[in-house]
Every structure is written in C-alpha cells, then in structure tokens.
Number of protein chains: 2
Amino acid sequence: MAVSPLLLLLGDRIAEATRSKGPVRAFDELPVHSSDVVIAGFGRVGQIVGRLLLARGVSFTALDADAGQVDTVRRFGLKVFYGDAAHLDLLHAAQLDKAKVFVLAIDDVEASLRTAELVRKHFPHVQIVARARNRFHASRLMDLGIERQIRETLPSSLEMARWTLELLHEPPALAEQLVNRFARHDAEVLARQQAISHDESKLIQSSLEAREELAQVLEEARVAFTRKGRGG
Amino acid sequence: MAVSPLLLLLGDRIAEATRSKGPVRAFDELPVHSSDVVIAGFGRVGQIVGRLLLARGVSFTALDADAGQVDTVRRFGLKVFYGDAAHLDLLHAAQLDKAKVFVLAIDDVEASLRTAELVRKHFPHVQIVARARNRFHASRLMDLGIERQIRETLPSSLEMARWTLELLHEPPALAEQLVNRFARHDAEVLARQQAISHDESKLIQSSLEAREELAQVLEEARVAFTRKGRGG
C-alpha cells in the first residue's frame, strides 16, 4: 500500500509535537575549577539562590536541563551550564565531590527525586537544600533524609493568608501568630502523614482529623492573644 | 480527492491531543449565601489560604476551572465550586459584590490577568490579594493597581538561599540580614523596571546594573553587621 505524501507530512508533525524533550545538543563542557555550591535547576528558584550567592561573592556551578532556559538566563549575564543533573557523570564533571552544598532546585518531581537519590548515594558528605513541589514531593525528599526541604509555594501562600486576615480586620500581630501556628501544625502533620502517604483513604481520614486539630490550635492561639492583650 | 480513513483517524487523534481544555461539564451552581472572601484558583496556593480561613472560622467561596482538581480537593473535604473566575457572570454568581477580599490564586498567567482586570473593573471596592508566577506577571498585576501581590516561589527561594549561606558558615543573623536586604532590593528593582518591562535589551541592561548595585547593598550590610559585632 502506498502511503500518501500528506500522511507522511502529518506523521512528521505528530512526531515533532510528541517528541520527548531529550537533548538536542550536547551537554556543555563544565569548568575545571570546583565550587562550594552546585545548583541543579536554574529556573525561578535556582536563579534567586544564585543571584544572592553571586552578590555575596560566593561562586557556584549551575546546571539546567532545559537548553532554551540556559540561553535565556545567559542573556541576562548569569552563568549556567546546559546539562541534566540526574546523570552521575555530570555530577562528577561538576565536581560535586569537592562541593559543600547541593541546591536541588529542579521543578520536575521525578527528575528531582532521581537526582536526590544519586547525590545521597554517591556524595553523602554534601549537604542538600531542596525545593519541593508539593506534600508528596516533600515527603519523598524526607524519606531520603533531606531535612532542609521547602514546599515552593507554601511561604507565599501563608503571606497571602496573612494579608487576607488583616484585610478582614484581624490585628496584624494576631494574623502573624495564626499563620505561624498554621505553618508549625502543617509541618507536624506532614511528618506524621509520611508513613501513610501511599494510602489515600488513610490520608483523607488523617487530613480531616488534622483539620479539626488545626482549628483548635488556632483557637487556642487566638484566646491566648486576646488574654495577653493586643500587641503584647 | 478522497481522504483515506487512516488520515481521518489520524486527524481525530491530532484534534484530541490539541483540543483546548474547555469545560466538559456545566459549571456548578453556586451557593445562595455570600462570603467575605472569594478565592479564585483552588490549587496549592488557594487551598492553603482556604484551610487557614476555615480553621479560623471564616467562610469563603472557592472557584476552580479544573474539574479534576475540584473533585480531588472535595475528596479531602474542602468545599470548592467548578467554574472559571475569568467570566463576569460567575463572579456575580459568587456574589463578589458582597465580598471584602478576592484571593487571586490562579496559576495560569493569562487567566489570572483576565480575571484581575474583570474584578478591578466591575468590583472596584473589593481588595485583591494576588499570586504572581514571575516578575512579568507581578509587573502586570501592579499595572492594574494590585499592590498585594507575591511571586509564588520567591519566599521559598530566599529560605533556600538562607540555608545555603548558613551551611557555608555565615552567622545566622547575618544570613538573615543579607536575605532581607536582597528581598528589599529585588522589590525596588521590580518597581523600577516596570516601565521598561516590554523592552528586553533595556531590561537586560537594567538587570546587570541592578546586580552590581545589589552586591554593594549586601557588602554594606555585611560591613555594618561585622562592625556591630555578631549577633547584635
């Protein structure tokens, strides 16, 4: 059977649309000198960490697996190498063995966890500071013994909640206390739920219980605040 | 020219793969009572704000344009309505005219800005608290007069930077000061760059200048800290 040229063309387009975002160019050569800090993932999070270190005079080696992202960031004068940190040879090339801190700022959960496992196994002396997308991701990072992990949208969400409470005329000092209590309770619940994170029904039950508990925690904070007097 | 059945089949698949994620079911009926707070977008950010309000006894009306997300969140006992906040009739149905605060927690930049414009125009008395994806988004929200906006990954990135500095043996109090200075400078630069945000070459030039300026700001903070003595 003859295949029509139109069909071939269409096939090409489908292939183009569905092609995985694998490397279309070779990974960059890495510098010969080592840095105290290696940053994996140089998007919104990695760039902030990098900019602060740069301004403080701390050198770092940054890697990003997205070639387009690397080119954009370079136009703004930031130094970043195109490469996938989830490859052991690249971590060796980045001289992670000589680094003190590994900043895991990859947004993709699977790639982040693959990288975290590699670093924990092959560079156990390196301290890890990690970005987590959500509770699941945070929980898996904690499974790997990574305590310095932060859910990427949690602090900003808490700030929005604080603004909302203030706009509803809660005293600013109380709004701040409520938000701090919430954050502490949320971290405790996360630690507690880690063991059952694979079981949705248990997780739902635990979340409902945690919610009632939270209401109590916040009510206690409010009563204590009111007793102490505002601004105390 | 006859179209082959295979080509038709292929065409269907392409249409399916590229079809926009429009509503596949009717939007939910909204409650008849009004709330002080309307939350648009009930993903990672909106849920945190909602959970804190709920625990504090503040009622809210939450909307999310992703039907799957709505169903998932409901399984965890949170009340959210399926609907697209970028539609004026839905904002009326949510009784935004009787609300005090509109929490704009939509992650998609375009949908967020469309919604922000609608709210500013039709409900000018309502205070807005907004999530921004990046500098561009934050800048556009500020154009609309929304001052309470926060870049969703900025505070978490700053926390990661603080941890990194501490692991490099900066005194914790200095690390905190450096991060605070960085955040203040970054907000100033954002405000300054707003007028030129459409011009990439000017933006690049401004970013390079801002970087040098930032290094100075942090160096001054460090010198002041050292003079004052650690922990002061």
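Since the model is a prediction, treat every value here as computed from it, not as a measurement. (Residues numbered from 1 in each chain as written. Chains lettered and ligands numbered in written order. Predicted model: local features only at pLDDT ≥ 70, side-chain atom pairs only at ≥ 80, totals over all residues. Heavy atoms only, no water.)

Draft legend 1. Just the overall build of chain A, in detail. Secondary structure assignment for chain A yields nine helices and six strands. Counting across all 232 residues of chain A, residues that qualify as buried make up 48%. Look at the contacts in chain A between residues 6 or more apart in sequence, and 60% of them connect residues 24 or more apart. For chain A, the accessible area works out to roughly 11800 Å², and carbon and sulfur atoms hold 52% of it. (Helix = DSSP H or I, 4+ residues; strand = E, 2+ residues; numbered from the N terminus. Buried < 20%, exposed > 50% of the residue type's maximum accessible area, 1.4 Å probe, protein only. Contact = heavy atoms within 4.5 Å. Areas by Shrake-Rupley, 256 points an atom, 1.4 Å probe, with all protein chains shown as cover.)

Draft legend 2. Here's a closer look at the sheet that holds strand β6 (residues 149–151) of chain B. The parallel open sheet is built from six strands, whose spatial order is β3-β2-β1-β4-β5-β6 (chain B). Pairing within the sheet leaves two strands with one partner each, and these edge strands are β3 (81–82) and β6 of chain B. With four bridges joining them, strand β4 (residues 101–104) of chain B and strand β5 (residues 127–132) of chain B adopt parallel strand pairing. In the strand pairing of β5 of chain B, phenylalanine 102 of chain B is matched with isoleucine 128 of chain B. On the sheet, helix α7 (residues 154–167) of chain A packs against β1 (37–40), β4, β5 and β6 of chain B and is oriented at approximately 175° with respect to β5 of chain B. Running at roughly 165° to β4 of chain B, helix α5 (residues 109–122) of chain B makes contact with β4 and β5 of chain B of the sheet. (Pairing = 2+ DSSP bridges. Axes fitted to C-alpha atoms, helices over the stretch in contact; angles between N-to-C directions.)

Draft legend 3. The relation of the copies chain B and chain A, seen in detail. Mapping chain B onto chain A calls for a rotation angle of 180° and an axial translation of 0.0 Å; the resulting RMSD is 0.0 Å. The operation mapping one copy onto its partner corresponds to a two-fold rotation axis. Comparing interface residues between copies, 99% of those in chain B also sit at the interface in chain A, which points to an isologous, same-surface contact. (Least-squares fit on C-alpha atoms with pLDDT ≥ 70 in both.)

Draft legend 4. The packing of helix α8 (residues 172–193) of chain A against helix α9 (residues 200–228) of chain A, seen in detail. Residue and element names in this part refer to chain A. Axis separation between α8 and α9 bottoms out at 9 Å; the angle between their running directions is 150°. Compared by their axis directions, α8 and α9 come out roughly antiparallel. When the axes of α8 and α9 are compared, the crossing they make is right-handed. Along its contact with α8, which presents Ala173, Leu174, Gln177, Leu178, Arg181, Phe182, His185, Val189, Arg192 and Gln193, the element α9 presents Leu203, Ser206, Ser207, Ala210, Glu213, Leu214, Val217, Leu218, Ala221, Arg222, Phe225 and Lys228. Classifying every residue of the contact of α8 with α9 by side-chain character gives twelve nonpolar, five polar and five charged. (Parallel < 35°, antiparallel > 145°, perpendicular 65-115°, else oblique. Left-handed = near helix turned anticlockwise from the far one by under 90°. Nonpolar A, V, L, I, M, F, W, Y, C, P; charged D, E, K, R; others polar.)

Draft legend 5. Quick look at the confidence of the model for chain A. Residue and element names in this part refer to chain A. For chain A, the mean per-residue pLDDT works out to 87, and 88% of the residues sit at or above 70. Note on residues 1–20: pLDDT is under 50 here. Beyond four places in sequence and across chains, it has eleven contacts. Interface predicted TM-score (ipTM) for the complex: 0.86; the corresponding pTM is 0.85. (pLDDT = per-residue confidence, 0-100.)

Draft legend 6. Geometry of the pattern of salt bridges. Within the structure shown, the criterion is met by 32 salt bridges over all chains. Salt-bridge contacts for arginine 162 of chain A lead to glutamate 159 of chain A; the nearest nitrogen and oxygen are separated by 2.8 Å. On the criterion of helical spacing, the pair formed by arginine 162 of chain A and glutamate 159 of chain A is a turn pair, its members being three residues apart in helix α7. For arginine 162 of chain A, a relative accessible area of 18% translates into the label buried. The exposure class assigned to glutamate 159 of chain A is partly exposed, which follows from its relative accessible area of 22%. Here arginine 162 of chain B ties to glutamate 166 of chain B by a salt bridge, and the two come within 2.7 Å at their closest N and O atoms. Taken together, the residues span about one helical turn, with arginine 162 of chain B and glutamate 166 of chain B both in helix α7 (residues 154–167) at a distance of four residues. Put simply, Arg44 of chain A together with Arg131, Arg133 and Glu152 of chain B are held in one network by salt bridges that share partners. (Salt bridge = Lys/Arg side-chain N within 4 Å of Asp/Glu carboxyl O.)

Draft legend 7. Here's a closer look at the environment of leucine 118 of chain B. All names here are of chain B. Here leucine 118 is to be found in helix α5. For leucine 118, a relative accessible area of 17% corresponds to the buried category. Sequence separation between leucine 118 and valine 179 is 61 residues, and the spatial gap between their C-alpha atoms is 36 Å. Setting aside residues up to four positions removed in sequence, leucine 118 forms contacts with Ala85, Ala86, His87, Leu88, Leu91 and Phe123.

Draft legend 8. The packing of aromatic side chains, seen in detail. Residue and element names in this part refer to chain A. All chains considered together, the criterion is met by four aromatic pairs over all chains. Ring geometry for phenylalanine 42 and phenylalanine 60: centres 5.9 Å apart, planes at 35°, overall tilted. Of this pair, phenylalanine 42 sits in the loop between β1 (37–40) and α2 (44–55) while phenylalanine 60 sits in strand β2 (residues 60–64); the two residues are 18 residues apart in sequence, bridging distant segments of the chain. Each member of the pair, phenylalanine 42 together with phenylalanine 60, is buried. The ring centre of tyrosine 82 lies 4.9 Å from the NZ or CZ of arginine 25, which sits over that ring. (Phe/Tyr/Trp six-rings, centres within 6.5 Å; stacked < 30°, edge-to-face > 60°. Lys NZ or Arg CZ within 6 Å of the ring centre and 35° of its normal.)

Draft legend 9. Geometry of the interface of chain B and chain A. With 68 residues of chain B at the contact, the number on the chain A side is 67 residues. Roughly 6100 Å² of surface becomes buried between chain B and chain A when both sides are summed, with 75% attributable to carbon and sulfur atoms. In this structure, the salt-bridge partner of arginine 56 of chain B is glutamate 170 of chain A, at a minimum N-O distance of 2.9 Å. At the junction of chain B with chain A, the criterion picks out twelve residue pairs in polar contact (both at pLDDT 80 or more). Broken down by secondary-structure element, the contributors of at least two residues to the side of chain B that touches chain A are α1 (5–18), α2 (44–55), β4, β5, β6, α7, α8 (172–193) and α9 (200–228) of chain B. (Buried area = accessible area lost by both parts, 1.4 Å probe. Polar contact = N/O pair within 3.5 Å; in protein donor to acceptor, adjacent residues only side chain to side chain.)

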